[in-house]
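Summary of the model geometry
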Amino acid sequence: MFSFLICLAILVVGYFTYGKLVDQTFGPDDRETPAVAINDGVDYVVLPQWKLFLIQLLNIAGLGPIFGALSGAMWGPVVFLWITFGTVFAGAVHDYFAGMLSERNNGASISEVTGIYLGGAMKNVMRVFSVILLIMVGTVFAVGPAGLIVTLFSSSGVSTPILVNKVFWLAIIFIYYFIATFISVDKVIGKVYPVFGICLIIMAIGVAFGTMTSGKANMELWSNFRNMHPNGTPIWAFMFITVACGAISGFHATQSPLMARCLKSERQGHFVFYGAMIAEGIIALVWAFGGVTMLGVDKLAEMGGGNANSVYTICTMTMGKVGIILAMLGVIACPITSGDTAFRSARLTLADWFKLDMGNWKTRLLLCIPVLGIGMILGFGNALGKIDYQIIWRYFSWSNQTLAMIVLWAGAMFLAKEHKSYWIAVVPATFMSAVSMTYFMMAGECMGLIAFFKNNATVGYPVGIVFAACCLFFFLRAAKKYSGAPATK
């Protein structure tokens, strides 16, 4: 319990200290924001700060800080360190720059932003990469809650076939996704999200309190500082990829521009972007704590890590019948409210790419149909047993962290051009470069498809380190040429 409380305190203190340093380094000012200057009534709409925070939290807090944290808990309490320090020094920095750089560039989607700071070639790569990632995210965040709904009804003894049919719930979720993707941001998202955000926070508090008062023996970090994964899966880089959204996630970079288009002032960025990521880190820490304490690493492995069954079990153990209700409102609403904005972000990325007017409803409809259509093919393919959900999730996790790496390098280049200290972005960018490449070399769904590379640390670790060193070298060489040039705003 003390390990959990100490890490919780670090997250809170990190917001007020390191978060303030990041904000001051960026240098928000009183310039007119895109929400005020453009204000098209569809995507550019001024929203109050408290609502911006809750919407941003729900946009980024999908299944990742819950399912991912529970899967990460299979490594034991050591996962607390990644969630805590990853959030403060990497994830929140990433989210802040993703949002603020978008805001500085008329609310541009993250692919356009990275193109501005890393060049046209990277912009084109990011355009394709972002759209694919967003569709995968939307699919994962449709399949996951549909499965949880079926689990909840089945566990409650409901025998009505339609209520325990995954295809039925997927259809309902995709209908909602279409509506939320198509209409104005303040019509559904702006009204419903704050309510769900409050439910998500209450649920995390309930799990934390229930775990602390459960009477179960707590595994402290200092007495269990080792790899406790039942299958012996290496911590590096597998744990860092598994716990994505609860520490750092490139998906957040695709979501932050949505709120960058709704800021009234740049000075709201610290609370909205950095603050929402700290809140998500706290949620992930709570679920990792609940998983380690209430189930333990062996039971978690037996249950398959983070999934509908493990979430349902922990909610029931910590909060009883109230937990079931909160699971319905929080764990189901949470991924759904990230899934809809994932598809919305895919629409906006394509719109920015092809310079399409989103004020025209016919143009929006033409983009919504193929984007949602591909997601439905993947989602129903899983529900019908044709596509493995875990494969989608694993590719999503790796692409997630790779996108985060690229966005951090973009943030570092912005700081270099502005003649500001870029190390707050360079250090996590270098770290994530090593993580992404190491995982790519060793994971079964990447180079690990070849038996020689699978879990081969002798090859994977050096390649990851060399790749990160090369990224750092090329960045420093590029940044050096801006040392004598005037800053660009």
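First things first, this report covers the structure right here in the doc. Small disclaimer: the values here were computed from a predicted structure and weren't measured. (Residues numbered from 1 in each chain as written. Predicted model: local features only at pLDDT ≥ 70, side-chain atom pairs only at ≥ 80, totals over all residues. Heavy atoms only, no water.)

1. A closer look at the environment of Leu148
Here Leu148 shows up in helix 8 (residues 120–155). In sequence terms Leu148 and Ile369 are 221 residues apart; their C-alpha atoms lie 26 Å from each other. (Helix = DSSP H or I, 4+ residues; strand = E, 2+ residues; numbered from the N terminus.)

2. Details of the packing of helix 8 against helix 9 (residues 166–182)
Contact geometry for helix 8 and helix 9: axes closest at 9 Å, N-to-C directions at 135 degrees. For the element pair helix 8 / helix 9, the angle class is oblique. As helix 8 packs across helix 9, the resulting crossing turns out to be right-handed. Across the interface between the two elements, Gly138, Phe141, Ala142, Val143, Pro145, Ala146, Gly147, Ile149, Val150 and Phe153 from helix 8 touch Lys166, Trp169, Leu170, Ile173, Phe174 and Tyr177 from helix 9. Looking at the contact of helix 8 with helix 9 residue by residue, the class counts come to 13 nonpolar, two polar and one charged. (Axes fitted to C-alpha atoms, helices over the stretch in contact; angles between N-to-C directions. Parallel < 35°, antiparallel > 145°, perpendicular 65-115°, else oblique. Left-handed = near helix turned anticlockwise from the far one by under 90°. Contact = heavy atoms within 4.5 Å. Nonpolar A, V, L, I, M, F, W, Y, C, P; charged D, E, K, R; others polar.)

3. Examining unusual backbone geometry
Between Trp236 and Ala237 the backbone carries a cis peptide bond, its omega angle lying at 0 degrees. As for its placement among the helices and strands, Ala237 is situated in the loop between helix 10 (189–212) and helix 11 (238–242). Positive phi outside glycine occurs at Asn39, with the angle close to 40 degrees. Position of Asn39 relative to the elements: it lies in the loop between helix 3 (34–37) and helix 4 (49–60). Using a relative accessible area of 42% as the deciding quantity, one classes Asn39 as partly exposed. (Buried < 20%, exposed > 50% of the residue type's maximum accessible area, 1.4 Å probe, protein only.)

4. Looking at the environment of Gln268
Structurally, Gln268 can be placed in the loop between helix 12 (251–260) and helix 13 (269–302). When the C-alpha positions of Gln268 and Phe53 are compared, they lie 9.3 Å apart, and in sequence the two are 215 residues distant. Dropping the residues within four chain positions of it, Gln268 is found in contact with Gln49, Leu52 and Leu263. A distance of 3.0 Å separates a polar side-chain atom of Gln268 from the backbone nitrogen of Lys264. (Polar contact = N/O pair within 3.5 Å; in protein donor to acceptor, adjacent residues only side chain to side chain.)

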